[in-house]
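Structural characterization, general
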Amino acid sequence: MNRKYVGITIGPIVKTLMLTTTPAGLWGASYIFSYFTKKLVEALSTEFVSDEHFLVPAQNDEVREIVEKCPWAGLYHDRIIFEVSDENENKIRTCIEKAKKDLSEAFYNELIKETCSEKYEEEQVRTYIENYIQAYAVIMDVEEGENPIIKLGLPLDVLELQQSYIPKEKNNFILKFLENRGSLQGVKDLNKNFKIKNSFLLKNSFENRWHFFDNNSDNIVTIDDIVGANQTQSKTNAQRKKYYALVKVDGDNLGRVLKQMQKDMINTRIRDFSTKCFEYAKEAFKEVELFGGKMIYAGGDDLLFISPVINLNNEKESIFDLLSRLEKIFSKCFEDFSFKLNDEEKKMGFSAGVMICYYKYPLCEALTGVLDQLNKSKNFKLKNSVSIHFEKHSGKQRGLQFKDFTNNCIFTSVLDLLSQYSKSDIQEDFLRSVGRKLEFYQTIFIEALNRNNDNDFDYLHRVVDNLFEEYPGIFDDEYVNASKEAEYIRKVIFILEQLFRINTQNKIEDSSTKSIEELETIIALLSFYNEKEVE
């Protein structure tokens, strides 16, 4: 027996995100679509779709409570899937048109608030917004026991690529709403996003203060505020307070989980999964806020947020500690969803892309970069990986990947070193010197690694003892007065050993050279976290 399902895809989200130059603008660009999706769901509910027929997003009391208490997370993502008794094409079209009309009217009402000489005709704004917003629907018969999410997935992917274009664009009303480009020359961009803070987007909730408002005023926070660049009383005097992290997170193996859902429980399981997505988004939103970051969106199993590279209230916590905590939240929320691979039960993975950039680095370029980093993580066989790109103000760039990072002793070791040495009395010059020696004596280190016998790195240890003889007791557990510098060197060399083991096991060509290059990047990252501010 077949059942009919409708899938709707909404966009263009990434294209709109690329219009913006500020964190609040980035949030607004995303939230427009979450707002539209929510309004479309409400229109469908009013017209003919009951709660139990919605699969994605799930509609129930738990979801409604989360949306009410966490209104700014962008919880409604870009797909709607629901069951219908008949095709109802006209009703679906009517709901989409109504949601578009409501959005276009809201835009027009915001734009006419302007006191400038340029005036906009309502029809002009309405036509632009309704042409800009993509909302494409597909109706399909799905066999009993077949997963409707998978069945509708490919047609929706194809429709998503069907970009709409404005034939003659005299005014980009989306951009005019998101940013006041006339304030670009200002000392501080206090008014660049003023339309957003006074708009219909923020009228959803009067009880919850918008997370982009400054703690002590209704000023909108900027990148400078997020990273702490203007905090004269900041606890840190490190250069890192002039860098931000843009992070994109996505769940892994969702397709495999969907394929292996019980046939007689598919719709129930899909709704349960969708509800868990809302719970995960709510908890992730809280965690990012506690760290000092700002969530751009948290819809489905996706997150996009901007944050300082270190918690300004706890300097022992780096952005990687935050990622580790988010992964734990993800694992807990989705612990009841698994799949079998080679007769072994597997859980969903958690992959991330991270861009670490100077605070004046263009946000739209960072967004392009973070999407690329996430793709790198998703393309690893094991997934569950983190790919990082960090670029210094000087222009020097580094890239680093932690594959299967939750089970990766190297990632754990790096977290440990960041915690211990991001604020320590070890001189920054010493941290740099370790990397310089590794680079200068690379040939010797390569030879030492290649001489290891059955993972016995005795020769490598003797080389290190000779090169760093001013720090005795590096590998001697019985040496009582080993310095912090000696302990640091020992931990760094342990990471090198693990890198070499992994690269050798994976049959990486020239694994010794590859391992040393990866360690040099890790040391550069550790040094970056310990740099003092340049006055």
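First, a word on scope: everything that follows refers to the structure included in this document.

Things to note about the overall build of the protein chain
For the protein chain, the helix and strand inventory stands at 19 helices and 12 strands. Its C-alpha radius of gyration of 26 Å places the protein chain within 12% of the 24 Å reference for a compact globule of 535 residues. Across its three principal directions, the C-alpha atoms of the protein chain cover 80 × 60 × 40 Å. For the protein chain, the proportion of its 535 residues judged to be buried stands at 53%. Within the protein chain, residue pairs in contact and separated by at least 24 positions form 72% of the contacts whose partners lie at least 6 positions apart. A total of about 25300 Å² of accessible surface is found on the protein chain, and carbon and sulfur atoms cover 46% of it. In the protein chain, 70 side chains carry a positive charge and 86 a negative one; their mean positions are 3 Å apart.

A word on empty space enclosed by the protein
Tallying each qualifying case throughout the model produces one cavity of 30 Å³ or more. Taken as a whole, the largest cavity spans an internal volume of roughly 30 Å³. If you go around the largest cavity, the residues you meet are Val434, Leu438, Phe445, Phe468, Val492, Ile493, Leu519 and Ile523. For the lining of the largest cavity, the secondary structure elements donating two or more residues are helix H15 (428–440), helix H18 (484–505) and helix H19 (511–528). Here the residues of the lining of the largest cavity sort into eight nonpolar, no polar and no charged.

Comments concerning the nonpolar core
Core analysis: the largest hydrophobic core is formed by 176 residues, its most contacted members being Phe320 and Ile356. Ranked by residue count, the leading element in this core is helix H2 (residues 23–47), at 13 residues. Residues within four places of Ile356 in sequence aside, it is in contact with Tyr243, Tyr244, Ala245, Val309, Phe320, Ile388, His389, Phe390, Glu391, Leu525 and Phe528.

Comments concerning the sheet that holds strand S1 (residues 2–11)
Ordered by their spatial adjacency, four strands build an open sheet running S2-S3-S1-S4, and the pairing between neighbours is antiparallel. At either margin of the open sheet sits one strand with a lone partner, and together these are strand S2 (54–56) and strand S4 (134–143). Strand-to-strand twist of the sheet, defined as the mean angle between neighbouring strand axes without regard to direction, takes the value 25°. Direction of pairing for S2 relative to strand S3 (residues 79–84): antiparallel, over a ladder of two bridges. Residue pairing for S3: Phe54 is matched across the bridge by Phe82. Where helix H11 (residues 266–291) meets the sheet, its contacts fall on S1, S2 and S3, and the angle it forms with S2 comes to roughly 55°.

Reading the values: rules and limits
Residues numbered from 1 in each chain as written. Predicted model: local features only at pLDDT ≥ 70, side-chain atom pairs only at ≥ 80, totals over all residues. Heavy atoms only, no water. Helix = DSSP H or I, 4+ residues; strand = E, 2+ residues; numbered from the N terminus. Rg over C-alpha atoms; globule rule 2.2 N^0.38 Å. Buried < 20%, exposed > 50% of the residue type's maximum accessible area, 1.4 Å probe, protein only. Contact = heavy atoms within 4.5 Å. Areas by Shrake-Rupley, 256 points an atom, 1.4 Å probe, with all protein chains shown as cover. Lys, Arg positive; Asp, Glu negative; His and termini not counted. Charge placed at Lys NZ, Arg CZ, Asp CG, Glu CD. 1 Å grid on protein atoms, 1.4 Å probe; cavity = no way out; pocket = protein on both sides within 12 Å on 5 of 7 lines; lining within 4 Å. Points joined across faces, edges and corners; volume = space filled by probe spheres on them. Nonpolar A, V, L, I, M, F, W, Y, C, P; charged D, E, K, R; others polar. Core = buried A, V, L, I, M, F, W, Y, C linked by side-chain atoms within 4.5 Å. Pairing = 2+ DSSP bridges. Axes fitted to C-alpha atoms, helices over the stretch in contact; angles between N-to-C directions.

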